[in-house]
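A structural walkthrough
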Amino acid sequence: MDPNIPHGTRQPYPMVVHHQQSGSGSSFIAAASTEYLQPQNPYDLNPSASPHSLAAQMGPFPAGSPEFYGMGGFHPMVPNPYMPSIFPTPFAMPQQQVMPGYVPGATPYHHVHGSSFGSVDAIPATQRDARSTVSSSSASGGAYTTPATTAASSSYPSISTTAGAQPAAAARPATAQAAAFPPVNPSKDSLTTLPAADTRADTAADVSSNKGSDSAFTKAIKMLFGSPKPPAPLPPKRFPLEAAAARLENSVVWVPRKKPNPFKLHFSPVAMLILLAFLASAGYYFYVRVAFTLNMGNHTWYGILILVVELIGLTSVIPYGVLLPFQTLSSGSKGLPIDDGRVILPPEKRFRVHILVPCYKESLEVITNTVTAALAAEVPPGVTRILYLCDDGKSPEKKEFIAGLGDEARYVSGRIRTPGEINGKSANVNNCLRNIIFPEYEGHPELIPLTELVVVFDADMAARRNFLLKILEVMWDDGCSLCLTPQAFSNINPKADIFNNINQQFWEYVLPGCDALGYIACTGTNFCLRARSLGMVGWFPEYTITEDYALSMELKSAGFKGRYLAEYLAVGEAPDEVRNVCRQRSRWTKGHMQIFFSRRCPLTNWKLPLIHKILYTNGTWAYFCTIITTLVFLFVPFNSLVFGYHPVTFSYEFALAATVYLPMNFLLMNYVRKPQHLKGQWMAQVSNHILTFTYMKAVFNTLLSIVGFKEKAGFKATDKSGSNNPIAAIQKLGSNLRNSMQRHNHDLPTVNTPPLAAAAVAASKAASGPMTQRVVIGPDGKPRVLTPKPLTQAQIIQQQLKQQEKQKKKPKRGCWVWINAKTLEGALDPLFLAFSLCLSLAAIAAGVYTVIKSKTFDFSVNSWSDFAQIFTSGRLDVYILVPMLWALYNAIPPLLFFVYFFTKGRLLQGLCSFMQAFGVVLAAAAIASVWLMIPNEYNLKDVLPAVTQFVDTARSGALPPATALKYSFLESSTATSDSIVGGYYMNSDYNKYSLPIATSMTMLAWSLIEFPKGYAAAGQFQTAVDQLKWGADYLMAAHTAPNQFVVQIGRGKDYAIDIPNKNGSWGVPSDMPKNRTAFTINPNSKGGADAAAAAAAALAATYQVYKSTDPSYAQSALSHAQELYGLATMLPTNGTYCVLKDGDFSICAEGIKTGGYRWTAFISNSVYDDLALAAAWLYKATGVRSYASDAEFFFRQHQVTEVPAPMNPTYYIANYDNQAWAAALMIDQLLDFPPAQQQVLDYFKGWMSGSDTNEKPVLFVTPRGLHFLGGSPVAGDEPLPTAGMAAVLAMVYAHNPKSKTRGLADYVIGNMECFALQQVTYALGGQMGKGRSFIVGVGSDYPSKPKQRQASCPTDGSTCNIQNALLASGPNPHVITGAIVAGPDGTDRYADDRTNDQSRVSPAYNIPFMGTIAGLLQYDVKPSQCQMGQGLYQSTFLSFTPTK
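The following refers to the structure shown. Throughout, residues of each chain are indexed from 1 in the direction in which the sequence is written. Where local features are concerned, this predicted model is filtered to residues with pLDDT of at least 70; where side-chain atom pairs are given and counted, the filter is 80 or more; whole-chain, interface and lining totals use all residues. No hydrogens and no water enter the side-chain calculation; it runs on all heavy atoms of the structure.

1. Looking at the overall build of the protein
What counts, and what does not: The numbering of helices and of strands both runs from the N terminus, where a helix is a DSSP run of H or I of at least 4 residues and a strand a run of E of at least 2. Partly exposed residues are those whose accessible area sits between 20% and 50% of the maximum for their type, while under 20% is buried and over 50% is exposed, using a 1.4 Å probe and protein chains only. Whether two residues are in contact is decided by their heavy atoms, any of which lying within 4.5 Å being enough. Accessible areas in this description were obtained via Shrake-Rupley with a 1.4 Å probe; residue shielding takes into account the shown protein chains only.
For the protein, the helix and strand inventory stands at 45 helices and 32 strands. The buried share of the protein, taken over its 1444 residues, is 60%. Sequence separation of 24 or more characterises 78% of the internal contacts of the protein that already satisfy a separation of 6 or more. Within the structure as shown, the protein displays about 55,200 Å² of accessible surface, and the carbon and sulfur contribution to it stands at 58%.

Here it is, written out as structure tokens:
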């Protein structure tokens, strides 16, 4: 290398070339010249550059020789890679295996860049034989002749033939070398002729070379400017052919220092950690899903269905995650060297590249970009390139266009399409490969040389300048059969790519991971194939419309190797109209399905390794996963909010599992190596939703075609954007050619130009004024002045065109909308997305309506407390909020689609960015709500023992050992002064009241009969039975004679408390007043039938409990019950036991004030309800019909005489005083008695829906969810026991066999169970959050000062009295675990004060809750079940409460 030449310039190479001009017989000899060129950047993408890149590589050519430019540029001849030297010994070839590109009898030389030359002697010009000539190329790609070749063999005429037509035979050289080749059919000299025995004889071919009177440049000039004038030749010193001829002599064989390696294996520890964490979290999540979230009662099947869908989605995520840790990336290699004349590739690497561009209806402009870019790509030295435009559309314009591009471009057409053809693209390309390029290898593709390569570009893909340099570096490895590069699109905005056209996730993360696992991928364009491998697998598959996917499997199954080069080496256009996008994706889906449902399914392809079976199958399985998961998850929030079908039951276990799993899923699906890739990852998820219907329709149509109900899908070219104006295309072509040729400051030939071109020429001349110059040292050591290049005329023309485009009238605002609407052609895809959007919005509306509209809750938008109550009451719980958030997330893709339908501008781009962030916020809010709003679920098996054991603390007499041990602070008093031992203290005093004892024992016995398994589940059945016996023993003992009954022991006024003066009795049982008066009733009493009847009912119920375990005891109880019932019927019905007096006052007076003293007793206001209940229990025990008649009679009397008119909320209280509800329920169970049945229905309607039969409000729901009877002072004093009684009655009714025979719906049964659970949940602390518990010693923040005498007594041994116990400021020294207080007011406020009636405790408060909890345990009622079937539809169209 001359050291005097500045770095970056090329050395001169003198060369003498004898050129015989085509069709004229004239010749010229170029003089020597010297040129200095700046090196070209091989990585510049210039799709508009001229295909004749050699013009730039080898120096400037004379502007005055259009015929020369028309040849397409040339390269110094190099030996054929299959020959041993540049002057090889001729060898014989079989007649049917004539090598393409060579003429029998000619010395075979390597054909470079599609140009063909004769012998070029690498010797000084003075010694060169003047007879040496250069023959022009033939239609076959070029024939090379020796100096002995005659002029007749200089060229072949341009041919366009069909099968059976024979071109004129060309004269063959009569040289000594011709004898080495046996005679062949003259048709073999042309690429357009099919082998005689070929089975595709009906296939037509139209291959056009570019020989004739005009060369490529001349035709381009004529097309652009008209017929040019003959240009004046430039001075000989500017003609560089001498340098080109000398290159061969000075070139050296390029041998890389080490084997080219354009790849590097990238390991990401972050991706590996994310994958492992995801797999671990997925395992834990699905364990929790199975173990803790499927307890849905009758809706369990729905939960299992959603679980299966989640697992299906997981099967597509795991393969993707496996691809992330190890990926094959580009090493950044610059590729093979460009052809600078200094080096040449080794003979075995001098590739012959056949570039195939299949087309059909694409516009000439689109084709122009692709073809010119492919021909402008840099070519390594010694590599031959020939481009074939395979036009199935048979366009004359395209044919003429290709004819003007020189020998490097061929036009192939005339193929006859066969009926039933599935893949026209494959058939089109295969026609060119089999009949034009490699016909002689038909049946023996294994003989195709390894240097024969095939590159395929879609009609809209423009290669970068370095495409061949990079991709041939990969193909340097003879074992590599395919190299794929990703696709880029110039017309897609990556910030608004809602259809995922860019498909960044696939190109950047899927394929690099697949390549690391040895996977072969092909995507239909921008790839290079080794022809031998392609032929050995049968060329491009024609049995499916996704030939690329099928080809990759065919190659892998045959044992070949492929690589993926993760560099964007070509740019094209993607469909952007809605209909065209849907068609393209539909075609992809159909092609995958055609393979999946065929014998070529990768799962049954035993030649594929297991990992590749999975990877190839996942390409198809992903469509199924997308369809299934998107459709199901689209309906999930709607089903939740409208129909109450929830996919999971929320619990803390699920909250933890979801908090771990969902973020890891998010991290895995959004793992990126570059932050800017996050947008593309999100767009992939958006597009799946948008295209779900497209995929589903394609799968359905494919299945129909398989079973014969529909024609098989065929290949349809996707309509790409681009002008159909041929004038614009020709103008662009002229610009490309000019841009390629005017690499130096040459004067263009004078031509007749249109106005635009004339303006460009004028601008070019104006721009050629004074320029900054610089001085360099030439090879002779003398300084030279270099002038920078001005803008070329091609560049000026491009600028003028752009300016002209800007001056065009802007399209109207509705243009894009009109394009989308016009091209839909009845497609249903937008309708599906409209349905999807409406479905999500309807779900959100249903959720809002459910929250703010309720008969038990009047919502006002002007009240902040109402907003707070939405959350605290549980009305807006996780079962409503999460589906609403989910529905909002589902609404994002269809919303973006409709914005895209109307505009692709800034609005869409901004909305995409906002929605991406908004989606993350929604997901985070959903996880947060699971934690913050998850319903509390209490372990009722732990609650029931505490509630049950408290009842024993109220025993009068000796305590059970277990109770005495647990409550060690209690005294075990025998109350020896009492006339009757036993019973319970039902109030905070030490009096014994028979009426509340009897009603409590009745309910306890009833719950033992109905829910024995529930008690047993908590280990409390025997404890409850013993408690029943303790109370029944007392009642039988109080029945001192057949017609006498003790209704009360003790005097109320003895326990009067003077709080202002701190006087009164407050202590332990041993300090109770000694006067234990017994108050009795007999037939002569003025009242008391209520107490006697209540005792009869309790003992009859006790009989039912003991009749199978202790018949003797049961019979005794029944006998007492019958006698007491007889006594009750003899007593007046217009007076209760409260007619009895202690001095001047009633024994059950609510209170008396004398000097500030006050006490509270149990008031009774009705009799017939007690009589009706007693008669019903006796009928149940004995079956005697008279009891049934009595029950009906007494119940009617109760309704007539004792029910208030109008009915007020107080009447809905079911307690010791009002037994009408219990009586109605028992009668309804036993008899067909409409009045009782209706009263039961009225009762549950009032308690569950909040209104009576006239739709007047009865109760309301407190902020934290307690059903509170409004306007009732009694209910205000005892809201919890009242709600507990309604709850236990609801459980009894819901599971009464007679109720089911009447057709009680499962939905209503569930409502009644959940109503009961809600009351228990409230008592334990509420449905959400850590609220106050109203059960002492259970839950959090339970009452610390319940009104229980012994629990409030000090522990220092001092005497317990009012001052140091009742009025003490601190909490009770002893915890009376299990005691249920009377409860809060209607705003959930609770006064934790012993002097407040809210803190009262009693066994009568606990027993209803005992029965409720036992029922919930027996039927395994969970909070999660209570959300099932509670949607808008049920609340609007179905009865929430039982009906007839």
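2. Side note on helix H7 (residues 364–376)
What counts here: Every helix has an expected span of 1.5 Å times one less than the residues it contains.
A rise of 1.5 Å per residue sets the reference length of H7, with its 13 residues, at 18 Å; its end C-alpha atoms lie 18 Å apart and thus fit the reference within 8%. Taken across its 13 residues, H7 has 13 buried, putting it largely inside the fold.

3. Regarding the sheet that holds strand E28 (residues 1078–1081)
Using the following cut-off: Pairing between strands is defined by DSSP: at least two bridges between them are needed.
The strand order across the open sheet built from three strands is E24-E25-E28, with neighbouring strands paired in antiparallel fashion. Edge strands, defined here as strands with exactly one partner in the open sheet, are strand E24 (992–993) and E28.

4. Some thoughts on the state of the cysteines
In protein structure, a disulfide is the covalent linkage between the sulfur atoms of two cysteines. We count it as follows: Here, the term disulfide refers to a pair of cysteine sulfur atoms separated by no more than 2.5 Å.
Inspection of every chain in the model, using the stated rule, returns two disulfides. Put simply, Cys1314 and Cys1426 are joined by a disulfide, and their sulfur atoms are 2.2 Å apart. Disulfide Cys1314-Cys1426: the torsion about the S-S bond is -95 degrees, which places it as left-handed. With Cys1314 in helix H41 (residues 1306–1324) and Cys1426 in the loop between helix H44 (1403–1418) and helix H45 (1432–1437), this pair connects stretches of sequence that are 112 residues apart. What makes Cys1314 buried here is its relative accessible area of 13%. For Cys1426, a relative accessible area of 12% gives the class buried. Residue Cys1353 pairs covalently with Cys1360 via a disulfide, S to S 2.0 Å.

5. A look at the pattern of salt bridges
Basically, it comes down to this: Take a side-chain nitrogen of Lys or Arg and a carboxyl oxygen of Asp or Glu: if they are within 4 Å of each other, that pair is a salt bridge.
Tallied over the full model, the rule gives 27 salt bridges. A salt bridge links Glu937 to Lys1422; the nearest nitrogen and oxygen atoms lie 3.8 Å apart. Residue Glu937 is located in the loop between helix H26 (906–932) and helix H27 (940–953), and its partner Lys1422 is located in the loop between H44 and H45; the two are separated by 485 residues in the primary sequence. Overall, the relative accessible area of 41% leaves Glu937 in the partly exposed class. Arg1302 is paired through a salt bridge with Asp1228; the nearest N and O atoms lie 2.8 Å apart. One end of the pair, Arg1302, is in the loop between helix H40 (1297–1301) and H41; the other, Asp1228, is in helix H36 (residues 1220–1230), and 74 residues separate them in sequence. The class for Arg1302 is partly exposed, based on a relative accessible area of 30%. For Asp1228, a relative accessible area of 1% corresponds to the buried category. What you see here is one network of salt bridges that share partners, running through Asp392, Arg415, Arg417 and Glu421.

6. Quick notes on the sheet that holds strand E14 (residues 462–463)
Sheet architecture is open: three strands sit in the order E14-E19-E16, paired in mixed fashion. Since the sheet does not close on itself, it has two edges, and those belong to E14 and strand E16 (488–489), each with one partner.

7. What about unusual backbone geometry?
Even without being glycine, Asn526 reaches a positive phi, approximately 65 degrees. As for its placement among the helices and strands, Asn526 is situated in the loop between helix H11 (504–516) and strand E17 (527–530). Its identity as a non-glycine residue notwithstanding, Asp1420 has a phi of 50 degrees, on the positive side. Tracing the chain through its elements places Asp1420 in the loop between H44 and H45. Taking relative accessible area as the criterion, Asp1420 reaches 38% and is therefore assigned partly exposed.

8. Description of the packing of helix H32 (residues 1089–1106) against helix H34 (residues 1168–1182)
Heads up, the rule is: The convention used is that axes are lines fitted to C-alpha atoms, helices contributing only their stretch in contact, and that angles between N-to-C directions extend from 0 to 180 degrees. Working definition: roughly parallel below 35 degrees, roughly antiparallel above 145 degrees, roughly perpendicular at 65 to 115 degrees, and oblique for all remaining angles. We call a crossing left-handed when the near helix sits turned anticlockwise from the far one by less than a right angle, and right-handed when that turn is clockwise. Each residue gets one label: Ala, Val, Leu, Ile, Met, Phe, Trp, Tyr, Cys and Pro are nonpolar, Asp, Glu, Lys and Arg are charged, and the others, such as Gly, are polar.
Contact pair H32 / H34: the axes reach a minimum separation of 8 Å and the direction vectors enclose 25 degrees. By the criterion of interaxial angle, the relationship of H32 to H34 is roughly parallel. The crossing of H32 and H34 is left-handed. Residues Asp1090, Ala1093, Ala1094, Ala1096, Ala1097, Ala1100, Ala1101, Tyr1103 and Gln1104 of H32 form the contact with H34, whose own contacting residues are Asp1170, Leu1171, Leu1173, Ala1174, Trp1177, Leu1178, Lys1180 and Ala1181. Of the residues that constitute the contact of H32 with H34, the class distribution is 13 nonpolar, one polar and three charged.

9. Brief notes about helix H37 (residues 1234–1249)
Think of an α-helix as 3.6 residues a turn; residues three or four steps apart then line up on the same face. For H37, which comprises 16 residues, the first-to-last C-alpha distance of 21 Å matches the rise-based estimate of 22 Å (1.5 Å per residue) to within 8%. Counting buried residues in H37 gives 13 out of 16 residues, a clear majority hidden from the surface. Following H37 by one or two positions, Gly1250 has its phi on the positive side, about 90 degrees.

10. Here we look at the packing of aromatic side chains
Operational definition: Only Phe, Tyr and Trp rings take part, Trp by its six-membered ring, and two of them pair if their centres are within 6.5 Å. Stacked means planes under 30 degrees apart, edge-to-face means over 60, and tilted covers everything else. Only when the NZ atom of a Lys or the CZ atom of an Arg is both within 6 Å of the ring centre and within 35 degrees of the ring normal do we say a charge sits over the ring.
Taken as a whole, this structure holds 62 aromatic pairs when the rule is applied. Ring geometry for Phe1244 against Tyr1293: centres 5.3 Å apart, planes inclined by 45 degrees, an arrangement best described as tilted. With Phe1244 in helix H37 and Tyr1293 in helix H39 (residues 1279–1294), this pair connects stretches of sequence that are 49 residues apart. Tyr1293 shares its class with Phe1244; the two are buried. Taken together, the ring pairs in this structure connect Tyr1211, Tyr1212, Trp1221, Tyr1243, Phe1244, Trp1247, Tyr1293 and Phe1315 into an aromatic cluster. One cation-aromatic arrangement involves Arg563 over Phe263; the distance from NZ or CZ to the ring centre is 4.0 Å. Over the aromatic face of Tyr543 sits the side chain of Arg600, whose NZ or CZ is 3.5 Å from the ring centroid.

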